[in-house]
Amino acid sequence: MREFTPETITEAVLDQMSTTSDPRLREIMDSAVRHLHAFAREVNLKPHEWIAGIEFMTRVGQMCSPARQEFILLSDTLGLSTLVNTLHDGTAVEEATHTSLLGPFFRENTPTFEAGAQIARGAGQEEIVLFGRVTNSAGEAVPHAKVTVWQTAADGRYDLQANPDETDCRGIFSTDQNGVYLLRTVRPLGYYIPMDGPVGQLVSAQGRHGMRPAHIHFLISAPGFRELVTALYLAGDAHLEDDVVFGASGDLVVHERTGDPACPIGDLPSIRFDFSLSRESEADRLGGRVGADPSAIMAVAAE
Ligand code: BEZ
Ligand code: FE
C-alpha cells in the first residue's frame, strides 16, 4: 500500500487522471493539479488557510446572480482575464486593435440608434462625439459593421446600477459605406468595481484602491471578421497606470479634442479612434469573448 508524501502525491493524482479521454481536458487538469500542488508546497499551506480559501470561494459563488458575476470579477482583479485576452489576441490571423475587458456591465439588451444619435438620456454640457473608422488590417473600410457601445453616465454609474429597468448610455450603431461610425455621448467617469462582496474585501485587504479609469466599452462585429471586445481609456485619468482590473493599456488611450476638422458634428469636443479587425479564423468560431452577460452564465449553470 502506497504512502503519500508532499513529494509523491502530485504524481499519484496525475497517474489516476491519466484515463481522461478528452486530450484537452487532460492537458488542462494535469497542469492545474501540478500548479496547485506546487503553490501549496511553496507557501506551505496550513489547514486553517486552506479552509479560509474554501470559505472565500463559497462566498464568491453565493454573490453570483443573473446581474452579477463575482467569479469574473475575481478573475479580473487577479489579471487572469487580461492574460486570457492577451493570449487570445496572439492567436489572431492578423494584427488588429487589441482586446480589453468586457466587464460585468455588458447587456445583450441594447437599443439600436441611427448614426450621430446621443446615447445618454441626461446629455447636457458634457456632450462629446465619438467617431472613427472600422477597417480590416489593410486599412480598407468595413461597411455595416455592428458597433455596440456602453459606458457610465456622467455621474460614474452604469444604467444597471442607477436603474436596472432603463437602458442608458449604451447603444448599437452601424458603420456606413466608408466604415465610419459616429455617435454622441457624455464624458464617462472612472468608478469603483463592486466592492461590497468577497472580491472587494480581498482588494481592500491588499491595500488596493478598487478604481477603474474612465473608459468607453466597444464590441465590434462584422461577417468574416473576429469579434473585437475592447474599450477606449480617456487620457489624463489618474488611474490609467493602476487600473484594478488591468484593462487599460497605452494603445487604447484616447485624447479628447475641440475643433477637430475631421469631426462630422459641429464643434463639440470629440474623440476619434479607428478600429482594425482581424479576419476570422476557424478557431474564432469557438468564441473569443472573455466575459458574458451574467444571466447567460446563470442559465448555463442551471442546466
Ligand atoms: C468594467 O469595465 O465595466 C469592469 C471590468 C471589470 C471589472 C469591473 C468592471
Ligand atoms: Fe466598464
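### What to know about the overall build of the protein
And then number 1: Within the protein, the regular secondary structure consists of eight helices and eleven strands.
And then number 2: With respect to the three principal axes, the spread of C-alpha positions in the protein is 80 × 40 × 35 Å.
And then number 3: Counting every position in the protein, which comprises 303 residues, the buried fraction comes to 42%.
And then number 4: Long-range contacts, defined as pairs at least 24 residues apart, comprise 72% of the intrachain contacts of the protein with a sequence gap of at least 6.
And then number 5: Of the accessible surface of the protein, which amounts to about 16,300 Å², a share of 56% is contributed by carbon and sulfur atoms.

### Topic: the sheet that holds strand β2 (residues 146-151)
In sheet architecture, strand pairing relies on hydrogen bonds along the backbone and comes in two forms, parallel and antiparallel.
And then number 1: Read across the open sheet, the five strands follow the order β3-β2-β7-β8-β9; overall the sheet is mixed. At either margin of the open sheet sits one strand with a lone partner, and together these are β3 (170-174) and β9 (253-254).
And then number 2: Sheet topology note: the strand β8 (residues 228-234)/β9 ladder contains two bridges and is parallel. The partner of L234 across the bridge, within β9, is V254.

### Digging into the coordination of the iron ion (ligand 2)
And then number 1: Around the iron ion (ligand 2), the protein contributes the donor atoms Y158 (OH), Y191 (OH), H215 (NE2) and H217 (NE2), which lie 2.0 to 2.1 Å from the metal centre.
And then number 2: Every donor counted, the six donor atoms about the iron ion (ligand 2) form angles of 55 to 169° at the centre, which fits irregular coordination.
And then number 3: Written as a sequence motif, the donor residues of the iron ion (ligand 2) are Y-x32-Y-x23-H-x1-H. Placement of the pair is Y158 in the loop between β2 and α6 (159-162) and Y191 in strand β5 (residues 191-192), with a sequence separation of 33 residues. Just as Y158 is buried, Y191 falls in that class too.

### Examining the site of ligand 1
And then number 1: Close to ligand 1 lie L73, D76, G103, P104, F105, Y158, Y191, I193, R212, H215, H217 and V245, which account for all nearby residues.
And then number 2: Y158 places a side-chain nitrogen or oxygen 3.5 Å from an oxygen atom of ligand 1.
And then number 3: Within the side chain of R212, an N or O atom sits 2.5 Å from an oxygen atom of ligand 1.
And then number 4: In isolation ligand 1 exposes 260 Å². Once the protein is present, 100% of that is buried.
And then number 5: More than half of the atoms belonging to ligand 1 lie within 2 Å of the grid points that define the largest cavity.
And then number 6: Where the shell around ligand 1 is concerned, the elements lending two or more residues are α4 (70-77) and β7 (215-221).
And then number 7: Class assignment for the residues of the shell around ligand 1 results in seven nonpolar, three polar and two charged.

### So, the pattern of salt bridges
And then number 1: Per the counting criterion, the structure on display carries 18 salt bridges.
And then number 2: Between R157 and D155 there is a salt bridge, and its shortest N-O distance comes to 3.2 Å.
And then number 3: By relative accessible area, D155 is classed as partly exposed at 45%.
And then number 4: With its nearest N and O atoms 3.8 Å apart, the salt bridge here joins R257 to D260.
And then number 5: Relative accessible area serves as the criterion here: at 11%, D260 is assigned to the buried category.
And then number 6: Connected through shared salt-bridge partners, R68, E70 and D196 make up one network.

### Topic: the domain arrangement of the protein
And then number 1: The assigned domain composition of the protein is domain 1 (9-45) and domain 2 (70-302).
And then number 2: Taking only C-alpha atoms, the centre of domain 1 and the centre of domain 2 are 36 Å apart.

### Quick look at the packing of aromatic side chains
And then number 1: Tallied over the full model, the rule gives nine aromatic pairs.
And then number 2: Ring centres of F113 and F173 lie 5.7 Å apart, and the angle between their planes is 20°; this geometry places the pair in the stacked category. Of this pair, F113 sits in the loop between α5 (80-89) and β1 (127-136) while F173 sits in strand β3, and the two are 60 residues apart along the sequence.
And then number 3: Summarising the aromatic geometry, the rings of Y181 and F275 are spaced 5.7 Å apart at their centres and angled 50° between planes, so their arrangement reads as tilted. Of this pair, Y181 sits in strand β4 (residues 180-186) while F275 sits in strand β11 (residues 275-277), placing them 94 residues apart in sequence. Both residues of the pair, Y181 and F275, count as buried.
And then number 4: Aromatic rings pair up to connect Y181, F218, F273 and F275 into one cluster.

Parameters and conventions
Residues numbered from 1 in each chain as written. Chains lettered and ligands numbered in written order. Predicted model: local features only at pLDDT ≥ 70, side-chain atom pairs only at ≥ 80, totals over all residues. Heavy atoms only, no water. Helix = DSSP H or I, 4+ residues; strand = E, 2+ residues; numbered from the N terminus. Buried < 20%, exposed > 50% of the residue type's maximum accessible area, 1.4 Å probe, protein only. Contact = heavy atoms within 4.5 Å. Areas by Shrake-Rupley, 256 points an atom, 1.4 Å probe, with all protein chains shown as cover. Pairing = 2+ DSSP bridges. Donors = N, O, S within 2.8 Å, 3.2 Å for Na, K, Ca; no water. Tetrahedral: all angles 85-135°; square planar, octahedral: opposite > 155°, others 65-115°. Near = heavy atom within 4 Å. Polar contact = N/O pair within 3.5 Å; in protein donor to acceptor, adjacent residues only side chain to side chain. 1 Å grid on protein atoms, 1.4 Å probe; cavity = no way out; pocket = protein on both sides within 12 Å on 5 of 7 lines; lining within 4 Å. Sits in = over half its atoms within 2 Å of the grid points. Nonpolar A, V, L, I, M, F, W, Y, C, P; charged D, E, K, R; others polar. Salt bridge = Lys/Arg side-chain N within 4 Å of Asp/Glu carboxyl O. Domains from an automatic or database assignment. Phe/Tyr/Trp six-rings, centres within 6.5 Å; stacked < 30°, edge-to-face > 60°.

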